[in-house]
Amino acid sequence: MRVTHQGMINNTIAHLSGNMDQIARLQSKIAAGKKNLSPSDDPVNTSQSLTMRSTLNNLQAYRSTNELTREWMEAADYSLEQLQTIGVRAVGLITRGLSDTMGSDERQHALAAEIDGMIAQVVQIGNSTHKGEYIFAGFQLHTQPFVMSDPNTLVYQGDNGLLQRAIAPGQSVVMNLPAEPVFRPLVESLIAARNALQSASFDRNALQTAFTQLESALDAVDAQRTGLGTRMRQVKAASDGIDKTEIELNSLLSKREDLNMAEAITLLRGQETTYQAVLEVSRRAISALSLFDYLR
Amino acid sequence: MPGISSGIHIALQAILAHAQTIEVIEHNVANANTPGYRRQSAILEATVPSPILAAHKGMGAGMRGGGVRVAQIQRFNLEFFDGRYRSVSASAKYWEARRDILVQIEATLAETSQDGLINKLDQFWNSWQNLAGDPANLSLRVSLLDDARVLAEGFNRRWEQLQQIRLDQNQAVISQVEQVNAYADEVARLNKEIARVFSTGERPNDLLDQRDRVLDRLAELTGAVAHEQKNGEVMVSIGGHVLVMGVQALHLTTQPKSGDTPMVEVVWQADTPPQTVNLAGGSLKGILEVRDEVIPQQIQGLNTLAGQMIQQVNALHSSGFGLNGATGLPLFNGTDAITMRLNAAVDAQSLAAADASGQPGNNAIAMAIAVLRNQPIAGLGNVSPNEYYNGQITSFGVLTKNATQNSTTHGLVAKALNDQREAVGGVSLDEEAANLAKAQRAYQAAARVLTAYDEMLDRIINGLGLVGR
């Protein structure tokens, strides 16, 4: 084949720019640390990695929801625990009140006063807040749920709304509990006990009834706390699941997106060597080496 | 009888012929780097011989050579390669034009970076989910409004960028049409001169080079095909419609495209009513296709997504209640990607997370909006918003990848054909050097022969008849 100078120069330039293009691509890949710089480099891979990235972003949101839900439930659990402690003490007091050994003065004053204090404590627990929001008010996060309008009447200002929280894709949990059915029997049994103790003519039957009421109210607290505990485990399991998925997705994503640095740098080295060789060859090809230099 | 004068004549002819050869070589060397130049060569031939009359025979002793002359100055070109090269380079330029614009769009959309729309979508959904986790939290509400605004602006910006690229391509169409017209005029002008020279029996080599170069450009722009006529003129046509016939060039022109202002369409100027130009390839076709098919599809997809997002989110949001009891408020205004705006009437308090009034802890709406992320939507062909946009990116990536690969392959074929053309018609300086040496030696030898005749004449004129002087 006839080789012309123009053709040789064109070829040289084509080779040089082809090499430069490869080097530039490798350099940008190394700089970005990514296998693919744009979707067109590998459309299918890009689509999958975008989906994974979305899922990861989504998990992030679930993670923060779970964190909040867990904190809230722990606060509720602590309140229920306090209720149980008070309940146990109340049971003890009423049992003492039921015994015949107690004087009516002691019964009327000391015991009744202590029970009265417990009522206040229970109401106070019912009004516990978490990060400024009432735990037992249902949806009415900013309304104080329990108020004693008079010493014998408990008013519930919440709405018993159940707070649903999404803790994992397709999985949600109720993070609070219907508060009124838990607090009202407890407070009312305590009021009944206090009133029975306070009355001038001691009514043993009334106190006994109050005692039974108290026990069933405490059973309700127990049941709610158990339910809450189960749901807390559910949240924990969801969090663990999210952690695991996140680790798996991250490693898959890294396989899909991240550049194998060692490989890329080796390729770059190779490409640079080629480029140098092309330059060297071009120097000879393009240099004024021609028959004109040798003919005289 | 050989005469001295005829000998001098032969020597002179040889000197002139070789001087002519050297001049052609000089022309080649001078144009070694001229694009589209085809090498020329002086073809030498022996002149018509004449019989020698012999004194002692009736018949001649044989034929006597009459020296040398330049028969013609040949131009090295393969018309066959020209046609093939042009058709391949037309498709190479078509793919190249597509690739250039698609790569530009891809860079603009930047979907693999943090600035991608898909990230903004994710952020928007996450904000709703976070709000569902803590519906009365004002700072979450403020940040959600911010993310919603960023999402709307993301849609707006993408729409504007795509539209801007469309407008840029429209400008490119107009300027390429002007180029085509200029080239058509040049071909017509060259046709005229070439035909004139042809009619005198000469070969207008350099004019042919010029015309071939223009025809190459025309093919790259429009995929135009050229046919050479007997009189040396070429007839150029685009998609079966004549562009240049003899010395007359028909022009293309642009006119507003109905229903798609300010876009223009390319039509034949002379036809009434104006007929659309049926492009066979070339960059103009690539640009028009991207402008009229690829980008509108992207814009359409963006509008569908924005429209569905607005519709679905608004339907839920306006059925919900804000902290202050506000209800019936759409979150977004607008109907598509460019008109999408965050509703200014929605503030942190009136953002609806609850499905009932006066329940700050109610998150039903926030949860419902957050799960839209993965919910198949009929208006998007029963896929979720994220999947829909993901699909858009992927199909666009495939288009770009195809264009890039095709432009490389077709470019390589065009290059190979051009190399072959170059191998036949290009100037090799070594070859010219060798030919120069050959011609120079022949010239020197002819000059020496002339000297010999000169000495012979000297002998006869000055050396004879001097006996006894």
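These numbers come from a predicted model, not from an experiment.

Reading guide: rules and limits
- Residues numbered from 1 in each chain as written.
- Chains lettered and ligands numbered in written order.
- Predicted model: local features only at pLDDT ≥ 70, side-chain atom pairs only at ≥ 80, totals over all residues.
- Heavy atoms only, no water.
- Helix = DSSP H or I, 4+ residues; strand = E, 2+ residues; numbered from the N terminus.
- Rg over C-alpha atoms; globule rule 2.2 N^0.38 Å.
- Contact = heavy atoms within 4.5 Å.
- Areas by Shrake-Rupley, 256 points an atom, 1.4 Å probe, with all protein chains shown as cover.
- Lys, Arg positive; Asp, Glu negative; His and termini not counted.
- Charge placed at Lys NZ, Arg CZ, Asp CG, Glu CD.
- UniProt positions renumbered as here; feature names shortened; annotations may be inferred.
- Buried area = accessible area lost by both parts, 1.4 Å probe.
- Salt bridge = Lys/Arg side-chain N within 4 Å of Asp/Glu carboxyl O.
- Polar contact = N/O pair within 3.5 Å; in protein donor to acceptor, adjacent residues only side chain to side chain.
- Nonpolar A, V, L, I, M, F, W, Y, C, P; charged D, E, K, R; others polar.
- Domains from an automatic or database assignment.
- Axes fitted to C-alpha atoms, helices over the stretch in contact; angles between N-to-C directions.
- Parallel < 35°, antiparallel > 145°, perpendicular 65-115°, else oblique.
- Left-handed = near helix turned anticlockwise from the far one by under 90°.
- Buried < 20%, exposed > 50% of the residue type's maximum accessible area, 1.4 Å probe, protein only.
- Pairing = 2+ DSSP bridges.
- Phe/Tyr/Trp six-rings, centres within 6.5 Å; stacked < 30°, edge-to-face > 60°.
- Lys NZ or Arg CZ within 6 Å of the ring centre and 35° of its normal.
- Core = buried A, V, L, I, M, F, W, Y, C linked by side-chain atoms within 4.5 Å.

Asker: Before we go on, may I ask you to explain the overall build of chain A in this structure?
Answerer: Scanning chain A from N- to C-terminus turns up six helices and six strands. Ordering the α and β elements of chain A from the N terminus gives α-α-α-β-β-β-β-β-β-α-α-α. Taking 2.2 N^0.38 as the reference for a compact globule, 296 residues should give roughly 19 Å; the C-alpha atoms of chain A span a radius of gyration of 39 Å, well beyond that estimate. Once the C-alpha set of chain A is aligned to its principal axes, its extents read approximately 145 × 30 × 25 Å. Of all intrachain contacts in chain A linking residues separated by at least 6 positions in sequence, the fraction that spans at least 24 positions is 69%. Per element, the accessible surface of chain A, about 14900 Å² overall, is 55% carbon and sulfur. Charged side chains of chain A number 27 positive and 32 negative; the gap between the two group centres comes to 13 Å.

Asker: What exactly am I supposed to notice about the UniProt feature "domain: Flagellin C-terminal" (unreviewed entry) in chain A here?
Answerer: Per the UniProt annotation, the sites labelled "domain: Flagellin C-terminal" (unreviewed entry) are residues 213–280 of chain A. Helix makes up 96% of residues 213–280 of chain A and strand 0%, with an end-to-end C-alpha separation of 100 Å.

Asker: How should I be thinking about the interface of chain A and chain B in this particular structure?
Answerer: Often the size quoted for an interface is simply the accessible area lost on bringing the parts together. Across the boundary between the two partners, chain A contributes 46 residues, which contact 54 residues of chain B. Both sides of the chain A and chain B interface together cover about 4000 Å² of buried area, and 53% of this is carbon and sulfur. For the pair chain A and chain B, the number of links is one salt bridge. For the salt bridge of B:E431 with A:R2, the shortest nitrogen-to-oxygen distance reads 2.5 Å. Across the chain A-chain B interface, the total number found is 21 residue pairs in polar contact (both at pLDDT 80 or more). Counting only elements with at least two residues in the side of chain A that touches chain B, the list comes to α1 (5–32), α2 (43–98) and β5 (164–168) of chain A. The element contributing the most residues to the side of chain A that touches chain B is α2(A), with 15 residues. Classifying every residue of the side of chain A that touches chain B by side-chain character gives 18 nonpolar, 20 polar and eight charged.

Asker: Whenever I open this one, the domain arrangement of chain A confuses me. Can you help?
Answerer: According to the domain assignment, chain A consists of domain 1 (5–33 + 260–295) and domain 2 (51–252). Distance from the C-alpha centre of domain 1 of chain A to the C-alpha centre of domain 2 of chain A: 76 Å.

Asker: Would you mind showing me how to read the packing of helix α2 (residues 79–109) of chain B against helix α4 (residues 138–199) of chain B here?
Answerer: Packed helix pairs are characterised by how far apart their axes lie and by the angle those axes make with each other. Residue and element names in this part refer to chain B. Packing of α2 against α4 leaves a shortest axis separation of 10 Å and a crossing angle of 160 degrees. Judged on the interaxial angle alone, α4 and α2 are roughly antiparallel. Crossing angle aside, the handedness with which α2 passes α4 is right-handed. Where α2 abuts α4, its residues I101, Q104, I105, T108 and L109 lie against R158, Q161, L162, I165 and Q169. Grouping the constituent residues of the contact of α2 with α4 by class yields five nonpolar, four polar and one charged.

Asker: Just to check I follow, could you spell out the pairing of β5(A) for this structure?
Answerer: If a strand is regular, its side chains alternate between the two faces of the sheet. All names here are of chain A. Among the five residues that make up β5, four are buried, leaving the element largely enclosed by the rest of the structure. Pairing of β5 with strand β6 (residues 171–174) involves four bridges; the strand directions are antiparallel. Within the sheet, the bridge partner assigned to A166 lies in β6 and is S172. Between β5 and β6, which pair antiparallel and follow one another directly, the connecting turn spans two residues, one of which, G170, has a positive phi of 75 degrees.

Asker: Help me understand the packing of aromatic side chains, please; the structure alone is not making it clear to me.
Answerer: Geometrically, a pair of aromatic rings is defined through the distance of the ring centres and the angle of the planes. Within the structure shown, the criterion is met by eight aromatic pairs over all chains. Centre to centre, the rings of A:F146 and A:F183 are 4.8 Å apart; their planes meet at 40 degrees, and the pair counts as tilted. Taken together, the residues span a long stretch of sequence, with A:F146 in strand β3 (residues 146–150) and A:F183 in helix α4 (residues 180–198) at a distance of 37 residues. For A:F183, a relative accessible area of 0% translates into the label buried. The structure contains a cluster of three or more aromatic residues connected by ring pairs, namely A:F136, A:F146, A:Y156 and A:F183. Stacked on the ring of B:F76, the Lys or Arg B:R39 has its end atom at 3.8 Å from the ring centre.

Asker: Is there a simple way to explain the nonpolar core in this structure?
Answerer: Across soluble globular proteins, you tend to see nonpolar side chains buried next to one another. Ranked by internal contacts, the top residues of the largest apolar core, which has 91 residues, are B:F124, B:W128, B:F155, B:L331 and B:F332. Among the elements that line this core, the one with the most residues is α4(B), at 16 residues. Counting 55 residues, the second-largest nonpolar core is a separate cluster that includes A:I125, A:F139, A:F183 and A:L190.

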